[in-house]
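Reading the structure
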Amino acid sequence: MRKEAKDGNPIELSVTNQGTVQHSRNYQRWMRIALHTFFVLSGQTVATLLGRQYYDKGGNSKWMATLVQLAGFPILLPYYCIPPPKISNTSSNQTTPPPSFLILASVYFFLGLLVAADCFLYSVGLLYLPVSTYSLICASQLAFNSFFSFFLNKQKFTPFIINSLVLLTISSTLLVFQNDSENTTGVSKGKYVIGFVCTVGASAGYGLVLSLTQLAFNKVLKKEMFTVIMDMIVYTNLVASCATLVGLFASKEFLSIKTEMEAYKLGKISYVMNLVWTAISWQVFSIGAVGLIFETSSLFSNAISVLGLPLVPVLAVVFFHDKMGGIKVIAMLLALWGFLSFVYQHYLDDCESKSEKRKADEVVQASNGSQ
């Protein structure tokens, strides 16, 4: 590579310096990915444990438990003040006209309602299931995400993806056959089944939300700029929060909030702090998930989320004295196996993408050299 000096004579730029700059950029990117991964794992784990504590210590409102998953989105607003990073190859995005307000509003409204329904199902599942069982069932969201991505995002089903789907399905199904002695929530068998079905439905809904979000980026927004992703999460959470407030008032659960607060076993302040920190934890999770989507992809973000789920059963044994029976251990191992199978396929896809990019660069360099 050549550059003109001030006296007009060409000077050579060190290839080593170029490599150092590229290495520094890669290092910074992986540091950002590591930070976002920490946000996903810590936010999800803390929020799930606090949600279980809310129910264990006297909380009963499913709609309130749903609202705190969504209403903390205003803490994301300062992100708009951060200058967006430069993205290469955006010429196609610049020539694409932006979607109309009606189309954007429809996307945010539909996804917001879907997110609200999904969070409500999660709240019901967490109410009726031990937190360890709940978390292991949630691992099936990766399988659902891959399934919906096959139809909506044209994702290919490789042997490793199929292996991941089968293992995660078996992992969740095994929990139906666990002994009643491992049910530490004290609910009836009927409510346990309701909790199981709602959690599976919520996992399917979460996988569908991710696939539809990716579809919206590809077909409607047609770009994944930082502000576009922030708009997606803020506006959908705004719609979802409004829908949840409607459910809270329509169900008349808001009438019992004061009584619930006064009867909370840890006191009023602890009741409020539980809700506040649950809301903050879910938004920390959202920041990490959005960051991973921006740096990598929605599927990779979901895979990291699934990686954190086995942490919850282990911590639940410590904090909530959940019983870790043989079936749960087998289910956890199968879930981890399924996750690793999915990640290995992602690694192979990444290697293939880099190889294709390298070949394309070599072709361009050869073409420039022949001129």
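Counting restarts for each chain, with residues numbered from 1 along the sequence as it is written. Where totals are concerned, whole chains, interfaces and linings use all residues; where local detail is concerned, this predicted model gives features only for residues with pLDDT of at least 70, and gives and counts side-chain atom pairs only at 80 or more. Each side-chain value is derived from all of the structure's non-hydrogen atoms; neither hydrogens nor water enter the calculation.

**Observations regarding helix 5 (residues 131-138)**
Partly exposed describes any residue whose relative accessible area lies between the buried limit of under 20% and the exposed limit of over 50%, with all areas from a 1.4 Å probe on protein chains only and scaled to the type maximum. Numbering of helices and strands runs from the N terminus, with a helix taken as a DSSP run of H or I at least four residues long and a strand as a DSSP run of E at least two residues long. Within helix 5, eight of the eight residues are buried, which leaves the element mostly enclosed by the surrounding structure. Turning to helix 5, its buried residues are Val131, Ser132, Thr133, Tyr134, Ser135, Leu136, Ile137 and Cys138.

**Brief notes about helix 8 (residues 189-221)**
Between its terminal C-alpha atoms helix 8 stretches 46 Å, which fits the 48 Å expected from 33 residues at 1.5 Å a residue. Following helix 8 by one or two positions, Lys222 has its phi on the positive side, about 60°. Under the convention used throughout, the expected extent of a helix is 1.5 Å for every residue step, that is, one less than its residue count.

**Focus: the packing of aromatic side chains**
Under the pairing criterion, centres of Phe, Tyr and Trp rings, with the six-membered ring standing for Trp, must be within 6.5 Å; the plane angle then separates stacked pairs below 30 degrees from edge-to-face pairs above 60, leaving the rest tilted. One pass over the structure, following the stated rule, counts 13 aromatic pairs. Both rings, one in Phe160 and one in Tyr344, keep their centres 4.9 Å apart while their planes meet at 70°; by these two values the pair is edge-to-face. Of this pair, Phe160 sits in helix 7 (residues 159-174) while Tyr344 sits in helix 14 (residues 326-370), and the two are 184 residues apart along the sequence. Taking relative accessible area as the criterion, Phe160 reaches 33% and is therefore assigned partly exposed. Its relative accessible area of 39% is what places Tyr344 among the partly exposed residues.

**Quick notes on the environment of Val220**
Secondary-structure assignment places Val220 in helix 8. By relative accessible area, Val220 is classed as partly exposed at 24%. A contact between two residues is defined here by any heavy atoms of the two lying within 4.5 Å. Once residues within four sequence positions are removed from consideration, Val220 is found in contact with Pro99, Ile103, Val107 and Leu215.

**Describing the confidence of the model for the protein chain**
For every residue, the predictor states its confidence as a pLDDT score lying anywhere from 0 to 100. Averaged over the protein chain, the pLDDT score is 80; the fraction of residues at 70 or greater is 84%. Confidence, read as mean pLDDT per element, is least for helix 3 (residues 91-95) in the protein chain (47) and greatest for helix 2 (residues 62-67) (95). Overall, residues 87-94 carries pLDDT values under 50, and its contacts beyond four positions in sequence, including any with other chains, amount to five contacts.

**Describing the side chain of Thr244**
Here Thr244 lies in helix 9 (residues 226-250). Residue contacts for Thr244: discarding those within four places in its chain leaves Trp63, Thr66, Leu67, Leu70 and Ala116.

**A look at the nonpolar core**
Counting residues in each nonpolar core, the largest one holds 57 residues, and the members touching the most others are Tyr54, Met64 and Tyr271. In this structure Tyr271 touches Tyr54, Met64, Ile257, Glu260, Met261 and Tyr264, once residues within four positions along its chain are discounted. Core analysis: the second largest hydrophobic core is formed by 19 residues, Leu76, Leu221, Ile229 and Val290 among them. Nonpolar cores are built from buried Ala, Val, Leu, Ile, Met, Phe, Trp, Tyr and Cys residues. Side-chain atoms within 4.5 Å join them into one set.

**Some words on the packing of helix 5 against helix 8**
Only the stretch in contact is used when fitting a helix axis, every axis being a line fitted to C-alpha atoms; angles between N-to-C directions are given from 0 to 180 degrees. Taken N-terminus to C-terminus, the directions of helix 5 and helix 8 make an angle of 35°; their axes are 9 Å apart at the nearest point. As for how helix 5 packs across helix 8, the hand of that crossing is right-handed. On helix 8, the residues that touch Thr133, Tyr134, Ile137 and Cys138 of helix 5 are Tyr192, Phe196, Thr199, Val200 and Ser203. Here the contact of helix 5 with helix 8 is composed, by residue class, of six nonpolar, three polar and no charged. With the far helix as reference, a near helix turned anticlockwise by less than a right angle produces a left-handed crossing, and one turned clockwise produces a right-handed crossing. Throughout this entry, Asp, Glu, Lys and Arg are counted as charged residues, while Ala, Val, Leu, Ile, Met, Phe, Trp, Tyr, Cys and Pro are counted as nonpolar. The remaining residues, Gly among them, count as polar.

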